[in-house]
Amino acid sequence: QVQLVETGGGLVQPGGSLRLSCAASGTIVRFNVMGWYRQAPGKQRELVASTTSAGSTNYADSVKGRFTISRDNAKSTVYLQMNSLKPDDTAVYYCNLRQIGRDDWGQGTQVTVSS
């Protein structure tokens, strides 16, 4: 079993920054993909960014140049540094761990960008 615990959401003004963290515990294989997804009200869940255990990264076009994903394999933790936040970034952000054809999800953390 896998548990994912997210922290770091909150309310921020446009142009501000937030850092999300997600710590994974349980059975985690060496080769995996960790990522962040988000879901805004009335919209489908979408990929924000992902990173493999080998260090490669992938970003949604809407966040390129503003968000940075990173991970600490020793701590099984993934981070999402979000800069230059916009109201359109408002959503519930979910951590995801994909391994051996299985997806595990965190409980989600709310990010609200508003003045």
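The following paragraphs examine the structure supplied in this document. Everything numeric here is computed off the predicted structure, so don't read it as measured data.

Right, let's talk about the side chain of S50 for a bit. For S50, the position within the fold is in strand β5 (residues 46-52). Dropping the residues within four chain positions of it, S50 is found in contact with V33, M34, G35, S56, T57, N58 and I69.

All right, on to the sheet that holds strand β1 (residues 2-7) then. Pairing is antiparallel across the open sheet formed by four strands, whose spatial order is β1-β3-β8-β7. The open sheet has two edge strands, β1 and β7 (67-72), and neither has a second partner. Looking at each pair of strands side by side, their axes are set apart by 15° on average, direction ignored. Sheet topology places β1 next to strand β3 (residues 18-26); six bridges connect them, and they run antiparallel. Considered in β3, the bridge of V5 is made with A23.

What follows is about the state of the cysteines. The full count for this structure, using the stated rule, is one disulfide. Between C22 and C95 runs a disulfide, and the two sulfur atoms are separated by 2.1 Å. Taking the sign of the torsion about the S-S bond as the criterion, the disulfide between C22 and C95, at about -80°, is left-handed. Taken together, the positions of C22 in strand β3 and C95 in strand β9 (residues 91-99) put the pair 73 residues apart, joining distant regions of the chain.

Below, the discussion takes up the packing of aromatic side chains. For the structure shown, the criterion picks out one aromatic pair. Between the NZ or CZ atom of R19 and the centre of the ring of Y79, over which it lies, the distance is 4.2 Å. We note R45 situated over the ring of Y94; from NZ or CZ to the ring centre the distance is 3.8 Å.

What counts as what
Residues numbered from 1 in each chain as written. Predicted model: local features only at pLDDT ≥ 70, side-chain atom pairs only at ≥ 80, totals over all residues. Heavy atoms only, no water. Helix = DSSP H or I, 4+ residues; strand = E, 2+ residues; numbered from the N terminus. Contact = heavy atoms within 4.5 Å. Pairing = 2+ DSSP bridges. Axes fitted to C-alpha atoms, helices over the stretch in contact; angles between N-to-C directions. Disulfide = S-S within 2.5 Å. Phe/Tyr/Trp six-rings, centres within 6.5 Å; stacked < 30°, edge-to-face > 60°. Lys NZ or Arg CZ within 6 Å of the ring centre and 35° of its normal.

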